[in-house]
Structures are given as C-alpha cells and as structure tokens.
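Breakdown of the fold
Chain by chain, the residues run as shown.
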Amino acid sequence: MWKKIIFILLDFYEYLLFIFLIIISLLILFVNEVPQTRALQGEITDVFTFVHYPRIWIDQLSGLIEENENLRRENLQLRLQNVEFKEALIENQRLKAMLNMLDSTKYDLLPAKVINKGTTPIVNSILLNVGSRQGVKPNMAVLSTRGIVGKTIAVGDRTTQVQLFLDANFRLSVKFQNSRVAGIMKWYPDGRAEVKEIPITVTIDPGELVVTSGYSKIYPPNIVVGEVIEVNRPVNELFQSVIVHSRVDTDTIEEVFIILNY
Amino acid sequence: MMKKILIVAGFGLLSIVLQVVFGPWLTVGGIKPDFVLILVLFVAILNGRVLGQLFGFGIGLLVDIIGMGSFLGLSALSKTVAGFLAGYFKNRRNRFNRLMYYALSLLIILIQFTIVYLINFKSVEISTQYLFLRYILPETIYTGLIFILLDYIFAFESF
C-alpha cells in the first residue's frame, strides 16, 4: 500500500512540487502586511542593493556626458546660452524649494534619493537610499516638494521601500481646502484619483486644493495631495464624486522627504 | 549540478540588473518588457518543469523582495506558473512547428501577466477589459517579441 503511494507520488512529483510552490506563494501573499515580513524584506533588500548600482552608475555617467555636451555648446554658441548656468539655475531653484520646505515645517524631514522605481508598468513602489540607520521606520509619510508621495513599508539598514500613492491598494484620508469636507481618496491605474460619497450639498470647484485630513496616524494634516480637476454631480443622487490630479510626477521623481516625527 | 545552479543563479541576477538598468529605457507607452520572465521561460524550456518552476519561484520571490514587484509573493506565484508551463517544452519542442511553439509561449506569457494584474488590481474598481487591453496584452506582446527574437537568434534547441 505505502509502496504504491510512494510510486504514485514519484510519478507526479513535478505536479506536487508545483502545488507546494503555489501554496507557499499564496501564503507569502497573505502575510504581506505582517510587520515581521516587511522587516525581513527590508533586510534582504539591503543585501541586494548592489543590483541597483549599475543603474546609478549609468545615471551618473550620462549626467557627465550631458554636462560635457552643454559646455561644448556653450563654446560654440559664444555665450548665447550658457547651458551649464541654466542647469545650475534649475538645480538652485529645486534646492531652494527643498530648503524652504525644510524651513517651513515643524516636522523632522529626512531627505532621501530614489534609487529604484518598480519594474511593472504601473509604478507601485520606489526604493530610497536611507533606512533604519537614519531613523526610518515602517508607516512613515513620504513627500516631495509637490505633495504626498506615499508611505514607507519595508525598511532595511540602508534602504527603504515606499508604497506610492499610485498603488492600487493605497488609500488616503483627505479634505478639500475651501469646502473643508473630508473623504477617502483612491487612485486608479490611469493616474486619476477619486474621492467618492461627498454630500451633494457641498460645493466643490475645479482647481480647489486637496490636502491630507490629519485623521491618519501616518500623514500629518494639510499636506498637499493634489487639486480638483473634475466634479461629477449626478442628478437625483445624494452624493457626488470628485476627480483629483496629483502634482507629483512619479516618473521623474528623484528626491523625497520622510517625516520622522509625526 | 552545482555548477548548473550557480550559472542559473548568475543569469538570474543578471536579468534583474538588466531589468533595473534597461527597463526604464525600453519603456514604450508605460509598458516595459519583463527580462526576468524571459529568463524563466528559457531556463524552463531547456531544463524542464522542476528546475523551471523552482527557478521561477526563487527569482520571482527575489524580485518581490527587492522592491521591483507589486505584492510580496505575486511574482513568485506568477513566475512559478510560467516556469511550470514552459517546462513542458523540454524535449518536446520538435513536436510543434515554430509558429505553434511561439503561440504557446505567448500564451504562457499572457497567463503570467494575467495572474499579476488580476491579483494586483483585485481591490480596484476597474474593468478587466481595460486591464487586458491597456496592460496585459501590450506587455505580453512586448515581452513575447523579445523572447521570440532571442529564441530565434540563439536557437537554444533547434527545430
């Protein structure tokens, strides 16, 4: 009897292995949000940071090539356009914006560089070059000079994974700056964000600023999220929905801040 | 055997580096090719179901862990399925004509991306049709074309 079972198992070992691996994968999927899993993920991410080095190196190299081209153009155009100065001006403006942000907030902000953006077409997460050594913990708000970027999910010693606001499972409690009404915002893969179930009696206009409500343990109040681009007011309905556009461009984002003390 | 495992692991890391370095440059309309999946298919086709699915699971889990995937375990799941299905072709490729072989390979890629996107967007009110036309199909075609090109050039196992 046992011999027979063992022979059957040996006959189907490829399928049994397949079922085993599928079950393991599903189990991992189910423990995604467990803090221990995220902690382990952070530690392993640290070990494999080297896979991002070629990309960082190429980015730096392409930056040098660009600078060289700019300088040659400067010589050729005889001061018609000083490209290097222009680059410096843009960088200066960007850094000024960052410094203003550091000065104008009571929060302890940790600057970080983005070292990887996810590989799927929809960017769900980014990897930052700071970690627990700099005081980062899971579930800290991440923002840029343009607004909310996401939250930290997996933290290693030197790297941190951030769940972007574009992630399908990201929800954010927001309020409208003028009308003061609050709601839960969710994003769609096409980049739109929607706040549903706002009473029809509330007047919301396109262009109105949307900020964090402060009802969250992660996001402080009054951080810019985006602005209203469309208001859908169905006839004979009690609620309206609002479409919001984020000012943060996740494709070009390079520097962010983590709020360490909220 | 140990040498083989080390070579496959080396290629695995290389595919992840390729994904990180070239993925953003090869993005067309928000669609990127999946080099890791291509490697899983080749490993499975050349080595069979056992190594194919084990490699798919391992490399998928690594992709999830180092922050390139979506949910932890999702790439492991989808690439295990891809490795298992593609492993069928080991020593059987000659039974199919080239067109049928590539069509079946595309089907495996399609199944892989369908698993990824359906689970990734399970909690989002978005039509399956939109997901299929906007992401699943374009990414299948893009990744599939690169797979076919590499398979044709290197002719890993002649017909």
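Our subject is the structure listed above.
Figured I'd write up the structure that's included with this text. (Residues numbered from 1 in each chain as written. Chains lettered and ligands numbered in written order. Predicted model: local features only at pLDDT ≥ 70, side-chain atom pairs only at ≥ 80, totals over all residues. Heavy atoms only, no water.)

Across its full length, chain A holds 5 helices and 12 strands. Counting across all 262 residues of chain A, residues that qualify as buried make up 45%. Across chain A, contacts joining residues at least 24 apart in sequence account for 57% of those joining residues at least 6 apart. Accessible surface for chain A amounts to roughly 14800 Å². Of this, 58% is attributable to carbon and sulfur atoms. (Helix = DSSP H or I, 4+ residues; strand = E, 2+ residues; numbered from the N terminus. Buried < 20%, exposed > 50% of the residue type's maximum accessible area, 1.4 Å probe, protein only. Contact = heavy atoms within 4.5 Å. Areas by Shrake-Rupley, 256 points an atom, 1.4 Å probe, with all protein chains shown as cover.)

On to the nonpolar core, then. If you look at the biggest cluster of nonpolar residues, it comprises 47 residues, and the most contacted ones within it are Leu128, Phe176, Met185 and Trp187 of chain A. Other than its neighbours up to four places away in sequence, Phe176 of chain A contacts Val181, Val195, Ile198, Ile204, Glu208, Leu209, Val210, Val228 and Val242 of chain A. (Core = buried A, V, L, I, M, F, W, Y, C linked by side-chain atoms within 4.5 Å.)

We now examine the interface of chain B and chain A. If you look at the interface, chain B gives 45 residues, while chain A gives 42 residues. Around 4100 Å² of area is buried between chain B and chain A when both sides are counted, 67% of it from carbon and sulfur atoms. On the chain B side of the contact with chain A, Ile65, Ile66 and Leu72 of chain B bury the most area, a combined 15% of that side's loss. Counting across the chain B and chain A interface gives 1 salt bridge. Among the salt bridges present, the one from Glu14 of chain A reaches Arg49 of chain B, with a minimum N-O distance of 3.7 Å. (Buried area = accessible area lost by both parts, 1.4 Å probe. Salt bridge = Lys/Arg side-chain N within 4 Å of Asp/Glu carboxyl O.)

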